[in-house]
Structure formats: structure tokens, C-alpha cells
Amino acid sequence: MKTSPTDRLRIGIAAAALIAVAVPAIGQDVPESLLPPGFGDAPAPAPTPTPRASGRPAAPAVPGTPNFAPAAPIVQPLPGVPGIPGAEPSPVPSATATPTPISPEALRQYELPDYARRSTASIGIAGQGGAFGGNAFGTSDGPWLQRIMRSLDAPVASRWVSIALRRALVSDIATPTGVDGADFAAERAWLLVRMGEAAPARALVQSVDIDNYTPKLYQIAMQAMLATGDPGGLCPLNAPAMRVSNERGWRLANAICLGLSGEAAQAGRIVDQARRQAPGGGAIDVALAEKLVGKGAQGRRAATIEWDGIDRLTAWRYGMAAASATPVPAGLFGGVGPQVRYWHATAPQYAPNLRLADADLAAAQGVVSSEALVDLYAQLTTDEDATSTQTALASDLRTAFTGSDTDRLAMLRQFWEPAITTPLGYARRVLTARAAAMIAPVADHAGDADQLIASMLTAGLDLPALRWRGVIPVGSDGWAMLTVADPMGRSVAAGAVSDYAGQNARKGQLLFAALAGLGRLPRDQVQGMARELNVAVGARNSWTDAIDRAGVNGEGGTVLLLAATGMQTSDWRGVPAEALFHIVAALRAAGREGEARMIAAESIARS
């Protein structure tokens, strides 16, 4: 029996509600090896959390768990450090030929004093726009949150849910109870990587002091550095990581770091050994690393990258290629998830013409902002390798921003030819959001109002969009989007919603669900309208109970994590209206009404 997208999503929500018993222990949930099978000498140890004081109770240690605590490093004396014999001038020669070496503890204080250390009780990136408070996940159980994050099938249907979830994941938030702070940061970063948010993931893992790293965080840090094409970011981690992991990727990373620091001979020996041990399909993995080794000081190695016969793009291959700006054959992107295209879209080492198509997709998902997409199109005018079609698009976009209203609208209509329900069509609305905001809200332009409003709201430009309230007719799509996007919270007559649903049943359901969640319908008429429009807002299950409870408790991060769980589908057609109701209502209860309004408007625009 075939199942509809909505049925599959309901099954996914139900499964997520049971995740606490369905998913194995977090210590066993690790990303797959970065290199092909057989490349390593021995299996890497499972990244079992290392309990450590983090300001909150940590999960109890499992009996029999291997101890991955690193051995004390070998530290050489540092001249001029107080406490070391011979550091200060003395008229009498010291009788001790060999000075007493400084202890690792003293060196640790010298390298990073206590006042500069960061606690794992609260981890995140300070000062981010739209940041959440420290209680974003409130009193939610840490292991439960980690399991939800690990099982989430990203990316999700909504651009605005993705944007808001990214803000929650990178914010400086308190570590929940029952988990190690570094391990929780690893789970957050791993979800960001899978969402396509490579740069935020890297920033998050780098917000943890290396002394506090756990095996899990080392593994996720490598994933984040590869996603951003930043092998240099692995160098500070490499030595301690190799003490807790047998993953071959760290050995090759060691060769790269040695090469970049000018130790070409030692780096070359590691690369040669890796080449001898690599299976047939692993030759390109070594070649990509060798190319980076040759870029270091005194590097004399030249590597030619041949993609012939390579039918699989791994995180290692993409990351090493991106690090050296080596183009990846377009066909290999077809065998990976869309998040890899988002990594590529935000990789500045690649030319704009190579990134343009992926940047459109990333903008539709919320990974690339409207302003960043406009900047990328603008760079095409000076990109000598841009195609004539790309150059023409950049020229048309300039006209859309600088021409008269008549010229602007002519250009905007061309950009809007792809349907808004497609990723490219929605991306074009993101691209033109600020150009649309420049159009005067007059009756002569009323025929384009629905598209203009949809475009503006993709970038959160609700106030410019609301200027069209007196121009558009009641019952139009533009009216529906402004009704839910209005920050003033004006009430809506039930009859107007019913009339709108009569034109398009699906959009009518979404409008009703959004308005009910925002509290903008007469309370005594909600149940009757729910029956009339066949939206089961009163149905209960574990997912609805969890997201409603998180909203009442003011846990905005938990709400967004559960909202994403309820949107694990390729597009808005698979999102039930009752799921939208609970998402919008919970966000509003948690004090995140701005995101709730934009998600509601997006649902109407893209359905």
C-alpha cells in the first residue's frame, strides 16, 4: 500500500516521539569514517563521553568503558618562565647542568590563564543576531535532546525553521542536565553540518577549549573543518586527537599540518606510507592530502587530481578539494545530500560562477541570506569565467535594484518565472526581496502584489510588505500572507478565512492553522472552523504534547528542534496543517512570535 507524503510525515513524528527508547546509546552514534573501508589499520574507538565537571551533573560512566584520557604531554623547558632554574641572571653558575623541566600543569597555566578559559557549563557563540537566551533548552533532558538531534533528517521543509534552528544551536546556552558540555556541543555542531551550516558548525566547535574536547567532539570537529574546507583548523586538534582516535584522517591531517609548517620531509614520509596502505579507491584521498602538503613552505610535491573512476564523494574528498580550490565534478554532487551543495555555495575559495546554482538552493533553505545571494550575483559582473547567461542575470538584477518601478517590475517578473513552489523559484524570491521592497504600493501594481509580498517576506521584510495592505483585495494570497505576518496581531473574521479556503482548500487549512496558533481567531469559533476545514488541531500525540510543553515552558530551542522534527519532508506539501498549528502556537508561547509569523507566511507562499 502506498503512503502519501503527509502519512509519511505523521509516521516520522510518531517515531520521533518514541526516540528515547528507539535510538542506541549516544556513545555509539558516530559519523561514518571519512575514508573508504579498509583505509585504516584499526577501527577507531567509539567516542564515549569522558565525564568531567561542567557546572551540571554529567551522565554516569558506563562500567567497562575504555579510558581515552590522554597521556601527559612531553614538555620542554621554556626560557624566561619564572620558577625554572637558570631563567634569571645569576653571578654564580648553577651547579645543575640540566634545568628542571616545567610541569605540564605550570605550562597549561602559562599558555592559557584561568581567566581566559571557557566553561563547558555554557557553550555557544556570543553576539549572534536573533540569539536565544541561555535557557533555550530549559530543563529538557540532555540525552533526550541529543537523540532528537542525532535522528533529525536534515534539511527540513521550511527555510524559516532552518534559520531559527541555526540561531538556537549556535547561541550561548546552558548545557542541559545529564550530558557533558563538549559532547552536547558536538551534537549541535553535527546537526548544523547536516543542515548545510558549515561555518556556524566550525565556529561552535572552536568555542570549546581544546582541553575540554572529548572523542566525540574531535570527530565532529573534523567534519566541520572538512565541510568548510579548512584543514588548518585541524592543526591545533591533531596531536590530542591522535591520542584518542585511530582514524586515518587524523594521520593525513598530521601530514598536511607538518607540510604547512615547513616540515616537508616528515610530511612526505607520512603521505608515502599512507599511499602504500591505501586501497584502490583511496588513492585520490591521499592525492588530495598530498596536494595540500605541497603548498607548505619548502613543499616540493605536486599532485594531479584525477576524478576518473571516482563514483562517490565523501566528506574527506570534498573537504580536501575545497581546501585547495580543486573543482569537484558536478556529477559527484548527485550522489550526496543537498547539504554538501550548501557547503559548496558558501565556500569563498570557489569562483562565483561555480557556486551560483548551489547558492540558489542554499538561499531557498536559509543557509544563504538574501543580501549574500545578491552579493554573489553582483560578483558575476567581474568574473571572467561567468557564462553569458550568468552575466545577463547579474545585469538584470542591477536593473531590478536601480531602474524605475516599471523597469524593476519587468525584471522581477522575469526572475519570478520559475514557480515559487520549486527551490529555484523560491530562491529567486529571496534574491529579489529588497528590490521588491522598493516598488511603490499603488493600484497600478496590484496585479504583482502577491509576488511582491511573498518576495519581501522571504527576507523578513514585514513592515515594507504591510504597506500593501490597502492595495490588495481580501481573499488574495497576498492578503493571507500579510494577515499572518502582521506584527500588530490584528484579529481576523472567521468568514474571511472560510471564503479564502473556498478558493484553495490546502492554503485555507494552513491559514486557519497559523491564525489559530497566533491567537488571532475568535476563540469560541476555532473548534467549529477546525471541523469545517478538516484540521485536527485538537488531536494529541507524544509530539504535540512535547512541543506544546516546551512552548509553555519558554524553551525556544526545544520548540524549534521539535518543529524541525515535524517538518522532515522535502517540501511543504508533506507538512500537515495541524503540525503548523502546534509549531506556531508553541513558538508564540515561547516568545518567538517573529519566527512563528514568518513560518506561517512561508507556508502559504510555498503551498
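Anything mentioned here points back to the structure above.
From a predicted model like this one, the values you see are computed outputs, not experimental measurements.

Visitor: How do you make sense of the overall build of the protein when you look at a structure like this?
Guide: In terms of regular secondary structure, the protein is built from 31 helices and two strands. Counting every position in the protein, which comprises 607 residues, the buried fraction comes to 53%. Of all intrachain contacts in the protein linking residues separated by at least 6 positions in sequence, the fraction that spans at least 24 positions is 69%. Accessible surface computed for the protein: about 25800 Å², of which carbon and sulfur atoms make up 54%.

Visitor: Is there a simple way to explain the nonpolar core in this structure?
Guide: Generally speaking, nonpolar side chains in soluble globular proteins are found buried as a group. Counting 188 residues, the largest nonpolar core has Tyr318 and Phe512 as the members making the most contacts within it. For this core, the element with the highest residue contribution is helix α6 (residues 181-195), accounting for ten residues. Ignoring any residue separated from it by four or fewer positions in sequence, one finds tyrosine 318 in contact with Leu226, Ala227, Leu313, Val328, Phe333, Val340, Trp343, His344, Ala347 and Tyr350.

Visitor: Whenever I open this one, the packing of helix α24 (residues 477-485) against helix α25 (residues 494-503) confuses me. Can you help?
Guide: Two packed helices can be described by the angle between their axes and the distance between those axes. It is at 11 Å that the axes of α24 and α25 come closest, and there the two elements cross at 135°. As far as their axial angle goes, α25 and α24 are oblique. Regarding α24 and α25, the two cross each other, and that crossing is left-handed. Contact with α24, carried on its side by Asp477, Trp479 and Ala480, involves Ala496, Val497 and Tyr500 of α25 and no other residues of that element.

Visitor: Quick question: what am I supposed to make of helix α22 (residues 449-458) here?
Guide: Owing to its 3.6 residues per turn, the α-helix aligns residues three or four sequence positions apart on the same side. Of all ten residues in α22, eight are buried; the element is thus mostly enclosed. Taken together, the buried positions of α22 are occupied by Ala449, Leu452, Ile453, Ala454, Ser455, Met456, Leu457 and Thr458. A positive backbone phi angle near 75° is found at glycine 460, which sits one or two residues after α22.

What counts, and at which threshold
Residues numbered from 1 in each chain as written. Predicted model: local features only at pLDDT ≥ 70, side-chain atom pairs only at ≥ 80, totals over all residues. Heavy atoms only, no water. Helix = DSSP H or I, 4+ residues; strand = E, 2+ residues; numbered from the N terminus. Buried < 20%, exposed > 50% of the residue type's maximum accessible area, 1.4 Å probe, protein only. Contact = heavy atoms within 4.5 Å. Areas by Shrake-Rupley, 256 points an atom, 1.4 Å probe, with all protein chains shown as cover. Core = buried A, V, L, I, M, F, W, Y, C linked by side-chain atoms within 4.5 Å. Axes fitted to C-alpha atoms, helices over the stretch in contact; angles between N-to-C directions. Parallel < 35°, antiparallel > 145°, perpendicular 65-115°, else oblique. Left-handed = near helix turned anticlockwise from the far one by under 90°.

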